[in-house]
Amino acid sequence: MLIVMRQDASREQIDAVIRAIEEKGCSARPIPGGERVSIGVLYNTGPIDPAVFQGMQGVKEAIPVTRPYKLVSREVKPHDSVIRVGNASIGKDRLVIIGGPCAVESESQAMNTAERVKKAGADIFRGGAFKPRTSPYAFQGMGEAGLRILARVRETFDLPVVTEVLDLEHFDMVEKYADIVQIGTRNMQNFSLLRRAGEAKKPILLKRGMSATVEEWLMAAEYILSEGNSEIILCERGLRTFVRHSRNTLDFSAIPVVRKESHLPVIVDPSHAAGLRDQVLPLSRAAAAVGAHGLMVEVHSAPDSALCDGGQSLYPDQFEVLCNQTRAIQEISRQNDKITRG
Ligand code: PEP
Ligand code: MN
């Protein structure tokens, strides 16, 4: 249930509605809007009669929320959420592009790559310091030394950084260094990690589980929001299917569905979907056309000697082409959107 207060509702009237919600054993979550306050009703175990609230002073309307997710849903917040990180606004008209290596491997590798992605037009730098690797014998990331390198990238190039947290144990550390904390596909339903992300003071980039439905993905975001962190960027990164021509299958149809269902921004990672360098540019162009708010792309200054995911990492020159082409496509689809919306 969402209770929309009148524009002229007083503090006392808002407090009275909150008390009435709590007396029903539910939790009240005020959602400030531009002009009026709305109050979300959480943790109800069954349906609540809207008439109870409709009769209260200061209440404009009480709207039942039909979806299992509430705070992430457009029913609760009709307008797009915009997440501001550095100079980038994720969720607005301009395509936000994140570029960088799969993993931070050394200071020179990170710095060389950052210089190139910045010049090409990236808004944010990516690089893993803690890597979720299939093999325990593969390179696991540099840990805190990698995070310190990311901090130097930010200072040197004025680029915000996004990096993955793998477990609760390292959350505080990653949160301290990162501008955006990434939760990877393998952790999308790690509920204690999601709850901790909900207490974080930094935006969270939440990747879709490799076999998760859109509903499960939005419910994972709901965990984060329900703990108080509303700064969430969703990221589609491909699903595990039977095909062998790519590492995963990029689910483009999820983008318009998520945009319809949720106010949260949604971006696409074509690199982990493709697994192969030559598919990354066409997938990125399609992502821009289908309405993604941004892209996260693996780029390496020397992909042939990368310690992780070199085969899907772009050469910096290719990344520059990608930035130019996808921004041009996004501009056309945005203008087209305006025409079709009238
Ligand atoms: C990554 O972005 O570094 C990564 C490991 O991606 P995913 O969780 O999508 O596999
Ligand atoms: Mn990778």
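Everything below is about the structure shown above.
Nothing here was measured: the structure is a model prediction, and the numbers come from that model.

Which parts of the structure should I look at to understand the coordination of the manganese ion (ligand 2)?
As a benchmark, a tetrahedral metal site with four donors has ideal angles of 109.5 degrees, while an octahedral site with six donors has ideal angles of 90 or 180 degrees. Coordination of the manganese ion (ligand 2) by the protein is provided by C102 (SG), H272 (NE2), E298 (OE) and D309 (OD), with metal-donor distances spanning 2.0 to 2.3 Å. Taken in sequence order, the residues that donate to the manganese ion (ligand 2) follow the motif C-x169-H-x25-E-x10-D. Of this pair, C102 sits in the loop between β7 (96-100) and α3 (107-120) while H272 sits in helix α9 (residues 270-274), and the two are 170 residues apart along the sequence. Comparing C102 with H272 shows no difference in burial state: the two are buried.

When you look at the environment of E169 in this model, what are you seeing that I'm missing?
Along the chain, the position of E169 falls in the loop between β9 (161-164) and α5 (171-177). Classification of E169 by relative accessible area gives exposed; the value is 68%. Separated by 97 residues in sequence, E169 and V266 have C-alpha atoms that sit 28 Å apart.

Which parts of the structure should I look at to understand the packing of helix α7 (residues 214-226) against helix α8 (residues 254-261)?
Two quantities define a packed helix pair, namely the angle between the axes and the distance from one axis to the other. The N-to-C vectors of α7 and α8 enclose an angle of 45 degrees; their axes lie 11 Å apart at closest approach. With respect to each other, α7 and α8 are oriented oblique. Regarding α7 and α8, the two cross each other, and that crossing is right-handed. Contacts between α7 and α8 involve V214, W217 and L218 from the former and A254, V257, V258 and E261 from the latter. Here the residues of the contact of α7 with α8 sort into 6 nonpolar, no polar and 1 charged.

What counts and how
Residues numbered from 1 in each chain as written. Chains lettered and ligands numbered in written order. Predicted model: local features only at pLDDT ≥ 70, side-chain atom pairs only at ≥ 80, totals over all residues. Heavy atoms only, no water. Donors = N, O, S within 2.8 Å, 3.2 Å for Na, K, Ca; no water. Helix = DSSP H or I, 4+ residues; strand = E, 2+ residues; numbered from the N terminus. Buried < 20%, exposed > 50% of the residue type's maximum accessible area, 1.4 Å probe, protein only. Axes fitted to C-alpha atoms, helices over the stretch in contact; angles between N-to-C directions. Parallel < 35°, antiparallel > 145°, perpendicular 65-115°, else oblique. Left-handed = near helix turned anticlockwise from the far one by under 90°. Contact = heavy atoms within 4.5 Å. Nonpolar A, V, L, I, M, F, W, Y, C, P; charged D, E, K, R; others polar.

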